[in-house]
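Secondary and tertiary structure notes
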Amino acid sequence: MTLIAIDLDGTLLSHDGTISEENREVIKQAQRQGNTIAISSGRSLHDTQEILHLAGLDCSIITGNGAVVFHAGERIQHLIIPVNVMTDIMDLIEKIGLYYEIYTNQGVYIEEDGKQFLMEEIEHMQEQTGNLDVEHAYQMLDTQSKQGGITYVPDYHAIDFKPLEVYKLFVLSFDQEKRDKLQEQLAKRNDISLTTSGQQKLEIAHPKASKGNALQFFANYMGIELENTVAMGDNLNDVSMFEVAGLGIAMGNAEEKLKEVADYVSVHHENNGVAYGLKKWVLQED
């Protein structure tokens, strides 16, 4: 049996946020052959579950960039950010002036004025630089607003986060200077992990949270040797997963750093890169 960990955005998902019929069928083929499929994403657990439900797939889930591992109907790993650490970082993010979301055991919390904040930032950056891809920026904004499991709140600071077990803070910004400032200050800390799934994003979690650590944890839980694991992805938050997996397959559209640590490079994710890679390098013919 092989454990196959598959990223979502830029890997399994098409541009419209769905899983193509070809990718779905090859995943089912892998499962019929006795392999375990784990969707490994930076997205929230609730959002990932909804995506799989709409696709008619039943898979294990590594979510929040490895903070949560969900299998057979239960969380078997949940790495929570301590409330004092979280509030400290929230204050820093707000001081710099950036949009952020909070990933909890009840879904993703977003402030009600968040979308307007980002729209104003997009307009400001376009006026300031003149070279912002506005269409792509609004597509990203649309993706965030269509996540499953969103709870809109008037003010983050009015919430008692202790029972919500926060496992990730997600920052999205089109202002590189502000992003760089935040990243520089967060990089000095040893009480968090910091990664990205795209140029405009920063993703903050428990210090032990990574897709690589989660893959190791889940493989051990399932009694599967790491040499019998496969990782498929496209971005920098997938690097840790590729470094521990027995086999790494990058999408044709992947970041160059990920391609460098991959064993194979598949075709573009829009051309069913997951299905192509699984059939070519992993699966037996039915």
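Predicted model only: the values in this text are computed from it and were never measured. (Residues numbered from 1 in each chain as written. Predicted model: local features only at pLDDT ≥ 70, side-chain atom pairs only at ≥ 80, totals over all residues. Heavy atoms only, no water.)

Assigned secondary structure in the protein chain consists of 11 helices and 14 strands. Across the 286 residues of the protein chain, 53% fall into the buried class. Here the contacts in the protein chain between residues at least 6 apart in sequence split such that 63% fall between residues at least 24 apart. For the protein chain, the computed accessible surface area is about 13,000 Å², with 43% contributed by carbon and sulfur atoms. (Helix = DSSP H or I, 4+ residues; strand = E, 2+ residues; numbered from the N terminus. Buried < 20%, exposed > 50% of the residue type's maximum accessible area, 1.4 Å probe, protein only. Contact = heavy atoms within 4.5 Å. Areas by Shrake-Rupley, 256 points an atom, 1.4 Å probe, with all protein chains shown as cover.)

So, on to the packing of helix α2 (residues 21-32) against helix α11 (residues 273-281). Angle between the axes and distance between the axes: these two values describe a pair of packed helices. The geometry of α2 relative to α11 is characterised by a closest axis approach of 8 Å and an angle of 35° between their N-to-C directions. The two elements α2 and α11 meet at a crossing, and its hand is left-handed. Residues E22, N23 and V26 of α2 pack against V274, A275, L278 and K279 of α11. Grouping the amino acids of the contact of α2 with α11 by side-chain chemistry returns 4 nonpolar, 1 polar and 2 charged. (Axes fitted to C-alpha atoms, helices over the stretch in contact; angles between N-to-C directions. Left-handed = near helix turned anticlockwise from the far one by under 90°. Nonpolar A, V, L, I, M, F, W, Y, C, P; charged D, E, K, R; others polar.)

Take the side chain of T36 next. By the element assignment, T36 lies in strand β2 (residues 36-40). Contact partners of T36, with chain neighbours within four places excluded, come to M1, T2, L3, I4, S60, F218 and M222.

As a further point, take α2. Taking 1.5 Å as the rise per residue, α2 with 12 residues should run 16 Å; its terminal C-alpha atoms sit 16 Å apart, in good agreement. N23, V26, I27, Q29 and A30 are the residues of α2 that are buried. Buried positions in α2, seen along its axis, are confined to an arc of 155° and lie on one side of it. Turned more than 90 degrees away from the buried face of α2 sit E21 and R32, all of them exposed. Those residues of α2 hidden inside the fold are in contact with β1 (3-6), α1 (8-12), β2 and α11. Downstream of α2 by one or two residues, G34 has phi in the positive range, about 95°. (Expected span 1.5 Å × (residues − 1). Arc of directions from axis to C-beta.)

Grouped together as the largest cluster of nonpolar side chains are 72 residues, with contacts concentrated most on I6, I102, Y156, L169, L182 and M232. At 7 residues, helix α4 (residues 83-96) tops the list of elements feeding residues into this core. Contacts of Y156, omitting those with residues within four sequence positions, involve M90, E94, Y100, E101, I102, Y109, I110, E111 and F161. I62, A231, V239 and M241 belong to the second-largest nonpolar core, a separate cluster that totals 20 residues. (Core = buried A, V, L, I, M, F, W, Y, C linked by side-chain atoms within 4.5 Å.)

Read from one edge of the open sheet, 6 strands run β8-β7-β6-β9-β11-β10, paired in mixed fashion. Looking at strand neighbours, the two that pair on one side only are β8 (150-153) and β10 (193-195), the edges of this open sheet. Averaged over all neighbouring strand pairs, the angle between strand axes comes to 25°, with direction disregarded. Where strand β9 (residues 168-172) lies against strand β11 (residues 201-205), 4 bridges are found, and the strand directions are antiparallel. Its bridge partner lying in β11, V171 is registered against L202. Contacting β6 (99-104), β9 and β11, α4 crosses the sheet at an angle of about 160° to β6. Where helix α7 (residues 176-186) meets the sheet, it contacts β9, β10 and β11, and its direction lies at approximately 25° from that of β11. (Pairing = 2+ DSSP bridges.)

Bringing the packing of helix α5 (residues 114-129) against helix α6 (residues 134-145) into the picture now. Direction vectors running N to C along α5 and α6 enclose 170°, while the axes themselves pass 11 Å from each other. The orientation of α5 with respect to α6, classified from their angle, is roughly antiparallel. Between α5 and α6, the contacting residues are K115, L118, M119, I122, E123 and Q126 on the first element and V134, A137, Y138 and L141 on the second. When its residues are assigned to classes, the contact of α5 with α6 shows 7 nonpolar, 1 polar and 2 charged. (Parallel < 35°, antiparallel > 145°, perpendicular 65-115°, else oblique.)

Moving on, we get to the pattern of salt bridges. Tallying each qualifying case throughout the model produces 10 salt bridges. One salt bridge in this structure joins D7 and K211, with 3.0 Å as the shortest N-O distance. Taken together, the positions of D7 in the loop between β1 and α1 and K211 in helix α8 (residues 211-222) put the pair 204 residues apart, joining distant regions of the chain. Of the residues examined, D7 reaches a relative accessible area of 4% and is grouped as buried. Of the charged contacts, one joins R189 and D191 as a salt bridge, the two residues approaching to 2.9 Å between their closest N and O atoms. The exposure class of R189 is partly exposed, given its relative accessible area of 23%. Because the salt bridges share partners, they merge into one network encompassing D7, K211 and D238. (Salt bridge = Lys/Arg side-chain N within 4 Å of Asp/Glu carboxyl O.)

Taken together, 8 strands build an open sheet; the order of strands is β5-β4-β3-β2-β1-β12-β13-β14 and the sheet is mixed. Both edges of this open sheet fall to β5 (74-78) and β14 (264-265), since each of them pairs with a single strand only. Both β1 and β2 contribute to a ladder of 4 bridges, which runs parallel. For A5, the partnering residue across the bridge sits in β2 and is A38. Where α8 meets the sheet, its contacts fall on β1, β2, β3 (60-63), β4 (68-71), β5 and β12 (229-233), and the angle it forms with β4 comes to roughly 35°.

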